[in-house]
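In case you want the letters, here they are:
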Amino acid sequence: MSRRVDPALTKRALSALKRAADKAKLSKEGLTDWEAEFLGSVEERLAKFGSAFADPDKGQLSAPLSLRQGLKVRQISKKGEVEGGKKAHAGFRAKDKPKTATAAKPVKPAKPRKPLARKTGLTSTGFKPKKSD
């Protein structure tokens, strides 16, 4: 029984492998022999078969990578990321403007609210439960 894997998903997995390899090569540790062999063999199977695994118990049949293979690719990719993560953005505020203190808005007193209509369609005036004495 052959599996049908979307070629777009296969292409996406191949690009993810290449990105992970590039990131890991730029890291301090670099790619280990095992990681380089793993990425090479997975890339070869994706190019040849469109999927890198055959056992349906290891992942979705429509996926090009098994669950573990995807996990290892993410780990290799994460290895090359900068420790600081993403930089915080200043937003749309002009950098040359001085920060000014904003005046606190006065707090409005809470108003008593009317009861909401029930979801049964009866309004609050149409239904009044009996008071128990």
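Above this text you will find the structure in question.
Just so it is clear, the model here is predicted, and its values are computed rather than measured. (Residues numbered from 1 in each chain as written. Predicted model: local features only at pLDDT ≥ 70, side-chain atom pairs only at ≥ 80, totals over all residues. Heavy atoms only, no water.)

*Asks:* What is the right way to read the overall build of the protein from this model?
*Replies:* Across its full length, the protein carries three helices and zero strands. Mapped from its N terminus to its C terminus, the protein presents α and β elements in the order α-α-α. Within the protein, contacts between residues at least 6 apart in sequence are counted, and of these 62% link residues at least 24 apart. Only carbon and sulfur atoms are counted for the fraction: they give 56% of the accessible area of the protein, which is about 12,400 Å². (Helix = DSSP H or I, 4+ residues; strand = E, 2+ residues; numbered from the N terminus. Contact = heavy atoms within 4.5 Å. Areas by Shrake-Rupley, 256 points an atom, 1.4 Å probe, with all protein chains shown as cover.)

*Asks:* When you look at the environment of Asp22 in this model, what are you seeing that I'm missing?
*Replies:* Along the chain, the position of Asp22 falls in helix α1 (residues 7–26). Through-space distance from the C-alpha of Asp22 to that of Gly80 is 8.1 Å; in sequence the pair is 58 residues apart.

*Asks:* Would you mind going over the packing of α1 against helix α3 (residues 67–79) with me for this structure?
*Replies:* The description of two helices packed together rests on the angle between their axes and the distance between the axes. Across the interface, α1 lies against α3 with an axial gap of 7 Å and an inter-helix angle of 35 degrees. α3 is crossed by α1, and the crossing has left-handed handedness. Counting all contacts with α1, which are made through Ala16, Leu17, Ala20, Lys23 and Ala24, the residues of α3 involved are Val73, Ile76 and Ser77. Residues that form the contact of α1 with α3 fall into these classes: six nonpolar, one polar and one charged. (Axes fitted to C-alpha atoms, helices over the stretch in contact; angles between N-to-C directions. Left-handed = near helix turned anticlockwise from the far one by under 90°. Nonpolar A, V, L, I, M, F, W, Y, C, P; charged D, E, K, R; others polar.)

*Asks:* Which parts of the structure should I look at to understand α3?
*Replies:* Residues separated by three or four positions in an α-helix point in the same direction, a consequence of the helix having 3.6 residues per turn. Over its 13 residues, α3 extends 19 Å from the first C-alpha to the last, a length consistent with the 18 Å expected when each residue adds 1.5 Å. When α3 is considered as a whole, its buried residues turn out to be Gln69, Gly70, Val73, Ile76 and Ser77. Projected down its long axis, α3 carries its buried residues within an arc of 125 degrees, all on one side. Facing away from the buried side of α3 by more than 90 degrees, the exposed set consists of Leu67, Arg68, Arg74 and Lys78. In this structure, the buried residues of α3 make contact with α1 and α2 (33–49). (Expected span 1.5 Å × (residues − 1). Buried < 20%, exposed > 50% of the residue type's maximum accessible area, 1.4 Å probe, protein only. Arc of directions from axis to C-beta.)

*Asks:* So what exactly am I meant to see when it comes to the environment of Asp55 here?
*Replies:* One can find Asp55 in the loop between α2 and α3. Spatially, the C-alpha atom of Asp55 lies 8.8 Å from that of Ser66, the residues being eleven residues apart in sequence.

*Asks:* Can you walk me through the pattern of salt bridges in this structure?
*Replies:* Where charged atoms of side chains with opposite charge meet at close range, the side chains can pair. Per the counting criterion, the structure on display carries one salt bridge. With its nearest N and O atoms 2.8 Å apart, the salt bridge here joins Lys79 to Glu35. Note that Lys79 is positioned in helix α3 and Glu35 in helix α2, a separation of 44 residues in sequence. For Lys79, a relative accessible area of 22% translates into the label partly exposed. (Salt bridge = Lys/Arg side-chain N within 4 Å of Asp/Glu carboxyl O.)

*Asks:* Could you clarify how one ought to interpret the nonpolar core in this entry?
*Replies:* Residues Leu39, Val42, Leu46, Leu65 and Val73 are the most contacted members of the largest nonpolar core, which totals 13 residues. Among the secondary structure elements, those contributing two or more residues to this core are α1, α2 and α3. Broken down by element, the residue count for this core peaks at five residues, all from α1. Non-local contacts of Leu39, meaning those with residues more than four positions away in its chain, are made with Leu17, Ala21, Leu31, Val73 and Ile76. (Core = buried A, V, L, I, M, F, W, Y, C linked by side-chain atoms within 4.5 Å.)

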